[in-house]
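Read off the chains here:
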Amino acid sequence: MTAGIEVRGLTKRHPGARPDRPALQDIDLEIPHRRFVSLIGPSGCGKSTLLRILAGLEGHDTGSVSLLGESPRRASRRKAIGLVSQTPALLPWLTVRANVALPGKVNRRSGKEVDPPDELLRAVGLEDAADQYPHQLSGGMLQRVAVARAFALRPDVLLMDEPFSALDEFTREALQYQLLGLWQRRATTVVFVTHSVREAVVLSDEIVVMSARPGRVHEVLDVDLPRPRDKDIVKGPHMHDLEDRVRASLQRAWKAGAAPDDLVPL
Ligand SMILES: Nc1ncnc2c1ncn2[C@@H]1O[C@H](COP(=O)(O)OP(=O)(O)OP(=O)(O)O)[C@@H](O)[C@H]1O
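Let us look at the structure shown here. (Residues numbered from 1 in each chain as written. Predicted model: local features only at pLDDT ≥ 70, side-chain atom pairs only at ≥ 80, totals over all residues. Heavy atoms only, no water.)

### Thoughts on the site of the ligand
In step 1: The environment of the ligand is formed by His-14, Ala-23, Pro-42, Ser-43, Gly-44, Cys-45, Gly-46, Lys-47, Ser-48, Thr-49, Glu-162 and His-195.
In step 2: A distance of 2.8 Å is found between an oxygen atom of the ligand and a side-chain nitrogen or oxygen belonging to His-195.
In step 3: Tallied by class, residues from the shell around the ligand come to three nonpolar, seven polar and two charged. (Near = heavy atom within 4 Å. Polar contact = N/O pair within 3.5 Å; in protein donor to acceptor, adjacent residues only side chain to side chain. Nonpolar A, V, L, I, M, F, W, Y, C, P; charged D, E, K, R; others polar.)

See below:
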């Protein structure tokens, strides 16, 4: 399998943090290209920090990181990385279509292949909103636009930081399926940060469970559910077994990183 993302012995201490309190310590990760991997773990275990390092937005102290054989900064310059955060940052004076077309316009000299905005909007069920402006859309619609825009430059790697956490359950479910549709068509490597065990299992090939203080990889769990993950699969007994396994792992991870006076979760 082609190496997608390789992280070896990565340690990161934020400026001003105690020397014995790195945000991330000894992180080893290998994510084959075109896999869908979720990061899950207690608050503060360094999920966003790791995503920002993979995106080339932050450096690290020791170890190495490569995306398809390149450094994150180089991959980012080549526009090989897409990023979606919790709050969609759209330009308010542009229509939905123009927002999705923008990455292609800005990078038209780069020689990158660009997907037509209307096709991307259709993939997220927003073809009828193409001529509307961001202020006319709901939170779920805005996040759909952000997902469509992230695929515009056909990124090799898509990094998503809790993109659906502010949405209601049904909107969230719809977006999960639209994201899986785009991911399967575009054959992108996705790293997806979430606090939802169910979301991680529904979406992923693998789930990386992290522990805190310092942030470490606690366990990597395989999600051996067939694809496409239709309703029967997602409601089936194996789905529940997998959710239980992830919850148990999270609880062990939580205990591993808990301070002596922390409350023990139920
Ligand atoms: N810019 C920064 N400067 C100093 N410390 C930081 C900075 N960013 C994050 N941290 C610290 O690094 C640790 C990891 O933070 P990070 O946001 O990566 O965790 P997280 O797992 O994404 O948390 P959450 O699930 O709550 O979003 C935390 O202790 C946080 O306080």
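Once the structure has been displayed, the description carries forward.
### Examining the packing of aromatic side chains
In step 1: Taken as a whole, this structure holds three aromatic pairs when the rule is applied.
In step 2: Considering the side-chain rings of Phe-36 and Trp-183, the 5.5 Å spacing of their centres and the 85 degrees angle between planes classify their relative orientation as edge-to-face. With Phe-36 in strand β3 (residues 36-40) and Trp-183 in helix α6 (residues 169-186), this pair connects stretches of sequence that are 147 residues apart. The same class applies to Phe-36 and to Trp-183, which are both buried.
In step 3: Seen from their ring centres, Phe-36 and Phe-192 are 5.8 Å apart, and the 40 degrees between their planes marks the pair as tilted. Placement of the pair is Phe-36 in strand β3 and Phe-192 in strand β7 (residues 189-193), with a sequence separation of 156 residues. (Phe/Tyr/Trp six-rings, centres within 6.5 Å; stacked < 30°, edge-to-face > 60°. Helix = DSSP H or I, 4+ residues; strand = E, 2+ residues; numbered from the N terminus. Buried < 20%, exposed > 50% of the residue type's maximum accessible area, 1.4 Å probe, protein only.)

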